[in-house]
Every structure is written in structure tokens, then in C-alpha cells.
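Here is how the chains run, residue by residue.
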Amino acid sequence: MFTKVNSKVVSVDIGQTGPVIARRGAMLFYTGQVLFQPHQIAGAGGGGFGGGGFGAMAGRALAGEHESTMVAQGNGVVHYGFRGIEVQIVDLGAVGGVLRVEASRLLAYTSGLQASVVSVASQGGGGGGGGGLLGSLRSAAAGAMTGQGMFTTQLSGAGTAVILGHGGVFDLPVTPDKPVVVDPQAYVAAGGQLNTTLRSAMSWRNVGRSGGEAMQLECTGQGVVFVQASEEKL
């Protein structure tokens, strides 16, 4: 389990939890005998979505959303943080065993979790871009407009993860009779069985005149949406 040292740093005893995966450059310091090695998330190589490798690589080129990760293993205590951004520890058991988080917002997670890179379109989000290469391009265009990518990291199983948010992260419950609408640039992650749909609240006449409220992300289903107290990007 991760432990908050303060609002911006977490520590983890990998001798007790087992290996931990974190974004490259997030390790601040450690004590004990710890070995760090490059790690590859399933699906992060560019294949397996819609138009195949081309569609996936094109999407990541547009979105710039893949983050390199490292696995820490051995016997010691590792401290993690990133750019002085606030951290939030999420127990997946409390959010239905599934967490979908923007790659840039994921700091670290325990290796017992299954991690994969999935398309937003295949998860019901991204504005209804549809499947295949056409759907991926539509999702990429939506991601470019809002700051959301067309791919997201999905964690599932039993374990904990640490997410990042400017100004701190707070969680909002979502139920079938109580959807939540958030600014896409404030969105951090979604836990449980949630669908995210990008929608526009403006007419074409108002393009360029509206603020962040012009594009909205509607979260429906059963679960939790995590929002940062800022629209600032990483």
C-alpha cells in the first residue's frame, strides 16, 4: 500500500507490497536494496485498435499520451512524486475494481493490478467517435480540442494506484440517476462502470468565443469520477 508523506509525495515499502510500477522520472529517493527496470504496459506498443498499428500510432502521435514506466522491485522503501503536483491514493477495491486514468495523470500503481492501454472510443467515451480508423481520428480530434487523449490507461484488479492533480483531486460519485458533467481539462480518472461522452455546449457561431465550458464531459453509469481543482495540464 502507498502512504502519503505529504500532499505531493507518497512512499511504498516494496518488500511488503511487491513490485511497483511508476512513470519514468517519478522516483525521488529510496532506502534499501531496490532495482529499477523499464516496464511496458500491455497495448502501449501501438497495435490492437481499430485500424491496427497505423491507427494506434497515429493516435498517439496526435495525442502525445504514452508515458514510459519503470518497475521497482527488491526490498526497500521508495518515495515518489512528480513536479510538485498533488497526489491522491486510490484503492481500486473501493471503485469497483476498475480505474481508467489519463496516462499523464498516473504516477504509480502496485504490480498486482492488470494494466493495459485502451481506446477511449472502445470504452464508450471520447464523444462517440465510433470504431475503426475513422473513429480513432474523430477521437483524436476531440482529444486535441479538449486536452483528453484518444487512449487511456486501464487498471483492474485488487491493489492501489496514485494519481496526480493540480490543486488536489476530489472524487464525485456517479449513479444511473445522477450523472456528473465535468470540464474535460479538469478530468483525471474514472472508477467503476462509467461511460464518458464528450459533448458540445456551443453553436458553430460561438466557436472561439466560449471558455472551457464549451466542451463538456458527461459521466454516466455507476462509479466515481476524479477531478482536479484546476484546468492546468501536465
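Bear in mind the structure is a predicted one, so any value in this text is a computation, not a measurement.

A.B. asks: What is the right way to read the overall build of the protein from this model?
C.D. replies: Check the secondary structure of the protein and you find three helices and 15 strands. Taking as baseline every contact in the protein between residues at least 6 positions apart, the subset at least 24 positions apart corresponds to 84%.

A.B. asks: Please explain the nonpolar core as it appears in this structure.
C.D. replies: Side chains of nonpolar character tend, in soluble globular proteins, to be buried together. By size, the foremost hydrophobic cluster in this structure holds 21 residues, and its most contacted members are Leu 92, Leu 99, Tyr 109, Leu 155, Ala 161, Ile 163 and Phe 226. Going through the elements one at a time, strand E7 (98–101), strand E8 (106–110), strand E9 (114–119), strand E11 (160–165), strand E14 (187–200) and strand E15 (215–228) are the ones with two or more residues in this core. Setting aside residues no more than four positions away along its own chain, Ala 161 makes contact with Gln 88, Ile 89, Val 90, Leu 92, Leu 99, Leu 106, Ala 108, Tyr 109 and Leu 155. Formed by 18 residues, the second largest nonpolar core is a distinct cluster that contains Val 10, Val 20, Ala 22 and Leu 164.

A.B. asks: Any chance you could explain a nonpolar patch on the surface here in plain terms?
C.D. replies: On the surface, a nonpolar cluster with roughly 360 Å² of combined accessible area is contributed by Met 27, Leu 28, Phe 29 and Tyr 30. Locating Tyr 30 in the fold gives a position in strand E4 (residues 27–39).

A.B. asks: What am I meant to see in the pairing of E7 here?
C.D. replies: Note on strand geometry: in a regular strand, side chains alternate between the two faces of the sheet. Taking every second residue as pointing to the same face, both faces of E7 are buried, with Val 98 and Arg 100 on one and Leu 99 and Val 101 on the other. As paired elements, E7 and E14 share three bridges and run antiparallel to each other. Along E14, the bridge assignment pairs Arg 100 with Ala 190.

A.B. asks: Help me out: how do you make sense of the side chain of Thr 69 in this one?
C.D. replies: The residue Thr 69 is located in strand E5 (residues 69–80) in this model. Leave out the neighbours within four places in its chain, and Thr 69 touches Ile 21, Ala 22, Arg 23, Arg 24, Gln 37, Pro 38, His 39, Gln 40 and Ile 41.

A.B. asks: How should the packing of aromatic side chains be read in this particular structure?
C.D. replies: Centre-to-centre distance and the angle between the planes together describe a pair of aromatic rings. Counted under the stated rule, the structure contains one aromatic pair. The residue whose ring lies beneath Arg 23 is Phe 82, and the NZ or CZ to ring-centre distance is 3.9 Å.

A.B. asks: Help me out: how do you make sense of the pairing of strand E3 (residues 20–23) in this one?
C.D. replies: Taking every second residue as pointing to the same face, both faces of E3 are buried, with Val 20 and Ala 22 on one and Ile 21 and Arg 23 on the other. Pairing analysis gives three bridges linking E3 to E8, with the strands arranged antiparallel. Across the sheet, Ala 22 pairs through a bridge with Ala 108, a residue of E8.

A.B. asks: Would you explain the environment of Asp 13 in this entry?
C.D. replies: With respect to the element layout, Asp 13 can be found in strand E2 (residues 9–13). What makes Asp 13 partly exposed here is its relative accessible area of 26%. On a C-alpha basis, the gap between Asp 13 and Gly 32 in space is 9.7 Å, while along the polypeptide they are 19 residues apart. Setting aside residues up to four positions removed in sequence, Asp 13 forms contacts with Gly 76 and Val 77.

A.B. asks: Honestly, the environment of Asn 195 in this entry has me stumped. Any pointers?
C.D. replies: Tracing the chain through its elements places Asn 195 in strand E14. For Asn 195, a relative accessible area of 39% corresponds to the partly exposed category. For Asn 195 and Gly 221, which are 26 residues apart along the polypeptide, the C-alpha to C-alpha distance reads 6.3 Å.

A.B. asks: Would you explain the confidence of the model for the protein in this entry?
C.D. replies: In regions of low pLDDT, the predicted coordinates are not meant to be interpreted in detail. Mean pLDDT over the protein stands at 79; residues scoring 70 or higher make up 69%. Segment residues 58–65: pLDDT under 50, and 18 contacts once partners within four positions in sequence are set aside and those in other chains are kept.

About the criteria used
- Residues numbered from 1 in each chain as written.
- Predicted model: local features only at pLDDT ≥ 70, side-chain atom pairs only at ≥ 80, totals over all residues.
- Heavy atoms only, no water.
- Helix = DSSP H or I, 4+ residues; strand = E, 2+ residues; numbered from the N terminus.
- Contact = heavy atoms within 4.5 Å.
- Core = buried A, V, L, I, M, F, W, Y, C linked by side-chain atoms within 4.5 Å.
- Buried < 20%, exposed > 50% of the residue type's maximum accessible area, 1.4 Å probe, protein only.
- Patch = residues over 30% accessible without salt bridge, like charges linked within 9 Å, V, L, I, M, F, W, Y side chains within 5 Å.
- Areas by Shrake-Rupley, 256 points an atom, 1.4 Å probe, with all protein chains shown as cover.
- Salt bridge = Lys/Arg side-chain N within 4 Å of Asp/Glu carboxyl O.
- Pairing = 2+ DSSP bridges.
- Phe/Tyr/Trp six-rings, centres within 6.5 Å; stacked < 30°, edge-to-face > 60°.
- Lys NZ or Arg CZ within 6 Å of the ring centre and 35° of its normal.
- pLDDT = per-residue confidence, 0-100.

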